[in-house]
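Architecture and fold: a report
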Amino acid sequence: LAKTTQPISMDSYEGQEVNITCSHNNIATNDYITWYQQFPSQGPRFIIQGYKTKVTNEVASLFIPADRKSSTLSLPRVSLSDTAVYYCLVPGGSQGNLIFGKGTKLSVKP
Amino acid sequence: DTAVSQTPKYLVTQMGNDKSIKCEQNLGHDTMYWYKQDSKKFLKIMFSYNNKELIINETVPNRFSPKSPDKAHLNLHINSLELGDSAVYFCASSATSGSNYEQYFGPGTRLTVT
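First, a word on what this report is: a plain description of the structure on this page. A quick note: this is a predicted structure, and the numbers were derived from the prediction, not measured.

Remarks on the sheet that holds strand β1 (residues 3-5) of chain A
Residue and element names in this part refer to chain A.
- Spatial ordering of the open sheet is given by β1-β3-β8-β7-β6, a layout of five strands whose pairing is antiparallel. Since the sheet does not close on itself, it has two edges, and those belong to β1 and β6 (53-56), each with one partner. Going across the sheet, the axis of each strand differs from the next one's by a mean of 20°, ignoring polarity.
- Looking at chain direction, strand β7 (residues 61-64) and strand β8 (residues 70-75) are connected through three bridges and run antiparallel. Note on β8: the bridge partner recorded for S61 is S74.

Right, dumping it as C-alpha coordinates:
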(Lines give C-alpha, C1' and ligand atoms only; values in the text may rest on other atoms or scores of the structure.)
Protein backbone atom coordinates (compact mmCIF):
# COMPACT_ATOMS: atom_id res chain seq x y z
CA LEU A 1 0.00 0.00 0.00
CA ALA A 2 1.12 3.55 -0.67
CA LYS A 3 2.41 5.58 2.25
CA THR A 4 3.12 9.30 2.38
CA THR A 5 5.56 11.39 4.40
CA GLN A 6 5.51 15.17 4.76
CA PRO A 7 7.29 17.59 7.10
CA ILE A 8 5.11 18.38 10.09
CA SER A 9 5.63 22.12 9.88
CA MET A 10 7.43 24.88 7.99
CA ASP A 11 7.98 28.55 8.63
CA SER A 12 8.37 31.25 6.01
CA TYR A 13 8.21 34.99 5.54
CA GLU A 14 6.01 36.97 3.23
CA GLY A 15 7.29 37.18 -0.31
CA GLN A 16 9.38 34.02 -0.11
CA GLU A 17 8.96 30.90 -2.21
CA VAL A 18 7.94 27.85 -0.20
CA ASN A 19 8.53 24.27 -1.28
CA ILE A 20 6.80 21.40 0.51
CA THR A 21 7.83 17.87 -0.40
CA CYS A 22 5.78 14.73 0.01
CA SER A 23 7.35 11.30 -0.27
CA HIS A 24 5.03 8.62 -1.60
CA ASN A 25 6.30 5.13 -2.26
CA ASN A 26 4.47 2.44 -4.21
CA ILE A 27 2.18 4.67 -6.19
CA ALA A 28 0.95 2.99 -9.32
CA THR A 29 1.94 3.95 -12.84
CA ASN A 30 -1.35 5.70 -13.56
CA ASP A 31 -1.82 7.41 -10.19
CA TYR A 32 -2.14 11.17 -9.95
CA ILE A 33 -0.75 13.17 -7.03
CA THR A 34 -2.97 15.84 -5.58
CA TRP A 35 -2.39 18.62 -3.06
CA TYR A 36 -4.93 20.27 -0.80
CA GLN A 37 -4.93 23.32 1.44
CA GLN A 38 -6.89 23.53 4.67
CA PHE A 39 -7.63 26.58 6.79
CA PRO A 40 -8.85 26.24 10.39
CA SER A 41 -12.51 25.23 10.68
CA GLN A 42 -12.82 24.65 6.93
CA GLY A 43 -12.75 21.68 4.63
CA PRO A 44 -9.67 20.98 2.50
CA ARG A 45 -9.50 22.81 -0.80
CA PHE A 46 -7.94 21.50 -4.01
CA ILE A 47 -4.75 23.27 -5.05
CA ILE A 48 -3.11 21.31 -7.83
CA GLN A 49 -2.78 17.85 -9.32
CA GLY A 50 -0.11 16.22 -11.42
CA TYR A 51 1.08 12.99 -12.95
CA LYS A 52 4.67 13.70 -13.97
CA THR A 53 7.24 16.45 -14.55
CA LYS A 54 5.78 19.88 -13.82
CA VAL A 55 2.31 21.33 -13.53
CA THR A 56 1.58 25.00 -12.93
CA ASN A 57 -1.63 26.87 -12.25
CA GLU A 58 -2.47 30.32 -10.97
CA VAL A 59 -1.62 29.53 -7.35
CA ALA A 60 1.11 26.88 -7.31
CA SER A 61 3.46 24.59 -9.17
CA LEU A 62 3.90 20.89 -8.69
CA PHE A 63 7.17 19.15 -9.46
CA ILE A 64 7.27 15.38 -9.86
CA PRO A 65 10.59 13.63 -10.59
CA ALA A 66 10.85 10.80 -13.05
CA ASP A 67 10.72 8.08 -10.39
CA ARG A 68 7.50 9.63 -9.02
CA LYS A 69 8.41 8.67 -5.47
CA SER A 70 7.98 12.23 -4.31
CA SER A 71 6.38 15.48 -5.31
CA THR A 72 7.07 19.08 -4.37
CA LEU A 73 4.43 21.74 -4.01
CA SER A 74 5.85 25.17 -4.73
CA LEU A 75 4.10 28.31 -3.55
CA PRO A 76 5.62 31.45 -5.10
CA ARG A 77 5.82 34.62 -3.02
CA VAL A 78 3.70 33.51 -0.08
CA SER A 79 1.54 35.93 1.87
CA LEU A 80 0.07 35.78 5.36
CA SER A 81 -3.11 34.29 3.91
CA ASP A 82 -1.17 31.21 2.79
CA THR A 83 -0.82 30.15 6.41
CA ALA A 84 -2.60 26.80 6.41
CA VAL A 85 -2.07 23.05 6.49
CA TYR A 86 -1.08 21.45 3.19
CA TYR A 87 -1.82 17.80 2.42
CA CYS A 88 -0.67 15.55 -0.37
CA LEU A 89 -3.07 12.86 -1.53
CA VAL A 90 -2.27 9.71 -3.44
CA PRO A 91 -4.25 6.59 -4.27
CA GLY A 92 -3.63 3.86 -1.75
CA GLY A 93 -3.18 0.86 -3.98
CA SER A 94 -6.31 -1.08 -3.20
CA GLN A 95 -9.41 -0.37 -5.24
CA GLY A 96 -10.28 3.29 -4.91
CA ASN A 97 -8.41 3.76 -1.64
CA LEU A 98 -7.05 7.25 -0.98
CA ILE A 99 -4.21 8.20 1.33
CA PHE A 100 -3.82 11.69 2.70
CA GLY A 101 -0.45 12.72 4.07
CA LYS A 102 -0.39 13.87 7.68
CA GLY A 103 -0.19 17.47 6.56
CA THR A 104 2.39 20.23 6.70
CA LYS A 105 1.49 23.26 8.78
CA LEU A 106 2.87 26.31 7.00
CA SER A 107 3.23 29.48 9.02
CA VAL A 108 3.92 32.68 7.08
CA LYS A 109 5.28 35.56 9.09
CA PRO A 110 5.34 39.26 8.18
CA ASP B 1 -24.86 28.42 -3.68
CA THR B 2 -22.80 26.08 -1.55
CA ALA B 3 -21.33 23.26 -3.61
CA VAL B 4 -21.09 20.69 -0.81
CA SER B 5 -23.14 21.24 2.33
CA GLN B 6 -23.33 19.33 5.58
CA THR B 7 -25.74 19.44 8.47
CA PRO B 8 -25.40 19.88 11.32
CA LYS B 9 -22.21 21.89 11.70
CA TYR B 10 -21.91 20.93 15.35
CA LEU B 11 -23.25 17.82 17.05
CA VAL B 12 -22.93 17.13 20.76
CA THR B 13 -24.33 13.87 22.05
CA GLN B 14 -23.88 11.22 24.70
CA MET B 15 -22.29 7.82 24.46
CA GLY B 16 -24.60 5.15 23.21
CA ASN B 17 -26.79 7.44 21.14
CA ASP B 18 -27.44 7.09 17.41
CA LYS B 19 -26.93 10.10 15.18
CA SER B 20 -26.85 11.05 11.51
CA ILE B 21 -24.97 13.65 9.50
CA LYS B 22 -26.36 14.76 6.17
CA CYS B 23 -24.44 15.75 3.07
CA GLU B 24 -25.62 17.20 -0.20
CA GLN B 25 -23.72 18.27 -3.32
CA ASN B 26 -25.11 20.34 -6.17
CA LEU B 27 -22.17 19.83 -8.52
CA GLY B 28 -23.62 16.91 -10.42
CA HIS B 29 -20.73 14.72 -9.30
CA ASP B 30 -20.84 10.94 -9.48
CA THR B 31 -18.76 10.15 -6.39
CA MET B 32 -19.15 11.24 -2.79
CA TYR B 33 -16.95 10.56 0.23
CA TRP B 34 -16.88 10.69 3.99
CA TYR B 35 -13.68 11.51 5.87
CA LYS B 36 -12.81 11.61 9.55
CA GLN B 37 -10.33 14.18 10.83
CA ASP B 38 -9.04 13.50 14.32
CA SER B 39 -7.59 15.86 16.88
CA LYS B 40 -4.16 15.59 15.24
CA LYS B 41 -5.68 16.79 11.97
CA PHE B 42 -5.10 13.46 10.24
CA LEU B 43 -7.61 12.90 7.44
CA LYS B 44 -8.78 9.36 6.88
CA ILE B 45 -11.21 8.22 4.26
CA MET B 46 -14.15 6.24 5.56
CA PHE B 47 -16.44 5.62 2.62
CA SER B 48 -17.15 6.62 -0.93
CA TYR B 49 -20.14 6.07 -3.17
CA ASN B 50 -20.13 6.04 -6.94
CA ASN B 51 -23.53 6.01 -8.60
CA LYS B 52 -25.07 4.61 -5.41
CA GLU B 53 -22.55 1.82 -5.17
CA LEU B 54 -20.05 1.56 -2.35
CA ILE B 55 -16.57 1.43 -3.83
CA ILE B 56 -14.45 2.07 -0.75
CA ASN B 57 -15.06 0.69 2.68
CA GLU B 58 -12.14 1.45 4.96
CA THR B 59 -11.65 -0.46 8.20
CA VAL B 60 -14.27 1.48 10.09
CA PRO B 61 -16.58 -0.05 12.69
CA ASN B 62 -19.86 -1.31 11.34
CA ARG B 63 -21.56 1.16 13.66
CA PHE B 64 -20.91 3.60 10.83
CA SER B 65 -23.09 3.22 7.76
CA PRO B 66 -23.35 5.44 4.70
CA LYS B 67 -26.74 5.93 3.11
CA SER B 68 -27.19 7.39 -0.35
CA PRO B 69 -30.81 8.09 -1.31
CA ASP B 70 -29.69 9.61 -4.62
CA LYS B 71 -26.56 10.75 -6.41
CA ALA B 72 -26.60 14.17 -4.73
CA HIS B 73 -26.75 12.90 -1.15
CA LEU B 74 -24.55 10.73 1.04
CA ASN B 75 -25.60 10.62 4.69
CA LEU B 76 -23.58 9.11 7.51
CA HIS B 77 -25.34 7.16 10.22
CA ILE B 78 -23.55 6.31 13.44
CA ASN B 79 -24.95 3.86 15.97
CA SER B 80 -23.96 3.42 19.61
CA LEU B 81 -21.64 6.41 19.67
CA GLU B 82 -18.35 6.10 21.57
CA LEU B 83 -15.97 8.70 22.98
CA GLY B 84 -13.45 7.86 20.27
CA ASP B 85 -15.91 8.90 17.58
CA SER B 86 -15.38 12.54 18.55
CA ALA B 87 -13.84 14.21 15.51
CA VAL B 88 -14.63 16.42 12.56
CA TYR B 89 -16.36 14.60 9.73
CA PHE B 90 -16.06 15.91 6.20
CA CYS B 91 -18.15 15.07 3.22
CA ALA B 92 -16.66 15.50 -0.25
CA SER B 93 -17.53 14.87 -3.86
CA SER B 94 -15.68 14.44 -7.14
CA ALA B 95 -16.68 14.13 -10.75
CA THR B 96 -15.23 10.67 -11.06
CA SER B 97 -13.78 7.87 -8.98
CA GLY B 98 -10.92 7.38 -11.41
CA SER B 99 -7.44 8.85 -11.17
CA ASN B 100 -8.79 12.40 -11.27
CA TYR B 101 -9.20 12.98 -7.57
CA GLU B 102 -10.10 16.66 -7.46
CA GLN B 103 -12.50 16.65 -4.57
CA TYR B 104 -14.75 19.37 -3.23
CA PHE B 105 -15.17 19.29 0.53
CA GLY B 106 -17.98 20.40 2.74
CA PRO B 107 -17.43 22.63 5.77
CA GLY B 108 -17.31 19.73 8.20
CA THR B 109 -19.38 18.51 11.15
CA ARG B 110 -17.74 18.62 14.56
CA LEU B 111 -19.01 15.66 16.55
CA THR B 112 -18.46 15.64 20.28
CA VAL B 113 -19.39 12.55 22.25
CA THR B 114 -19.62 12.97 26.02
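Considering the state of the cysteines
- Tallied over the full model, the rule gives two disulfides over all chains.
- Covalently, C22(A) is tied to C88(A) through a disulfide, its sulfur atoms 2.0 Å apart. Disulfide C22(A)-C88(A): torsion about the S-S bond near 45°, hence right-handed. Residue C22(A) is located in strand β3 (residues 18-25), and its partner C88(A) is located in strand β9 (residues 84-91); the two are separated by 66 residues in the primary sequence.
- The exposure class assigned to C22(A) is buried, which follows from its relative accessible area of 0%.
- On the basis of relative accessible area, C88(A) is assigned to the buried category, the value being 0%.
- Residue pairing for C23(B): its cysteine sulfur links by disulfide to C91(B), the two sulfurs lying 1.8 Å apart.

Thoughts on the interface of chain A and chain B
- Between chain A and chain B, the residue contacts involve 20 residues of the former and 20 residues of the latter.
- Across the chain A to chain B interface the summed buried area is about 1700 Å²; carbon plus sulfur atoms make up 58%.
- The largest per-residue losses of area from chain A upon contact with chain B belong to P44(A), L98(A) and F100(A), which jointly make up 29% of the total buried on that side.
- Seen at the junction of chain A and chain B, the total is zero salt bridges.

A few points about the environment of S65(B)
Residues and elements named next belong to chain B.
- Assignment of secondary structure puts S65 in strand β7 (residues 64-70).
- Judged by relative accessible area, which is 17%, S65 ranks as buried.
- Between the C-alpha atom of S65 and that of E24, which follows or precedes it by 41 residues, the distance is 16 Å.
- In this structure, S65 is in contact with N75, L76 and H77, ignoring residues within four places of it in sequence.

Considering the packing of aromatic side chains
- Scanning the model with the defined rule gives eleven aromatic pairs over all chains in all.
- For the ring pair F100(A) and Y35(B), a centre distance of 5.4 Å and an interplane angle of 80° mean the geometry is edge-to-face. Linking F100(A) in strand β10 (residues 98-100) with Y35(B) in strand β4 (residues 31-37), this pair reaches from one chain into another. With respect to class, F100(A) is no different from Y35(B); both count as buried.
- With 6.3 Å between their ring centres and 70° between their planes, F100(A) and F105(B) make a pair best called edge-to-face. With one member in each of two chains, F100(A) in strand β10 and F105(B) in strand β10 (residues 103-105) form a pair that bridges those chains. You'll find F100(A) and F105(B) in the same group, each marked buried.

Here we look at the nonpolar core
- Within the largest apolar cluster, 20 residues are counted, with the highest numbers of intra-cluster contacts made by W35(A), L73(A), L75(A) and Y86(A).
- Elements represented by at least two residues in this core include exactly β3, β4 (33-38), β5 (45-50), β7, β8, β9 and β11 (104-109) of chain A.
- Looking at this core element by element, the count peaks at four residues for β9(A).
- Setting aside residues no more than four positions away along its own chain, Y86(A) makes contact with Q6(A), I20(A), W35(A), Y36(A), Q37(A), I47(A), L73(A), L75(A), G103(A), T104(A) and L106(A).
- The next biggest cluster of nonpolar side chains, apart from the first, holds 19 residues, and it includes L11(B), M32(B), M46(B) and C91(B).

Notes on the sheet that holds strand β1 (residues 4-7) of chain B
Residue and element names in this part refer to chain B.
- One open sheet accounts for four strands, arranged β1-β3-β8-β7; its pairing is antiparallel. Bordering the open sheet on either side are β1 and β7, each of which pairs with just one other strand. The average undirected angle you get between the axes of adjacent strands in this sheet is 20°.
- Pairing of strand β3 (residues 19-25) with strand β8 (residues 73-78), which is carried by four bridges, proceeds in the antiparallel orientation. Pairing of S20 across the sheet is with H77, part of β8.

What counts and how
- Residues numbered from 1 in each chain as written.
- Chains lettered and ligands numbered in written order.
- Predicted model: local features only at pLDDT ≥ 70, side-chain atom pairs only at ≥ 80, totals over all residues.
- Heavy atoms only, no water.
- Pairing = 2+ DSSP bridges.
- Helix = DSSP H or I, 4+ residues; strand = E, 2+ residues; numbered from the N terminus.
- Axes fitted to C-alpha atoms, helices over the stretch in contact; angles between N-to-C directions.
- Disulfide = S-S within 2.5 Å.
- Buried < 20%, exposed > 50% of the residue type's maximum accessible area, 1.4 Å probe, protein only.
- Contact = heavy atoms within 4.5 Å.
- Buried area = accessible area lost by both parts, 1.4 Å probe.
- Salt bridge = Lys/Arg side-chain N within 4 Å of Asp/Glu carboxyl O.
- Phe/Tyr/Trp six-rings, centres within 6.5 Å; stacked < 30°, edge-to-face > 60°.
- Core = buried A, V, L, I, M, F, W, Y, C linked by side-chain atoms within 4.5 Å.

Spatial relationships are all this shows, so hold off on functional conclusions.
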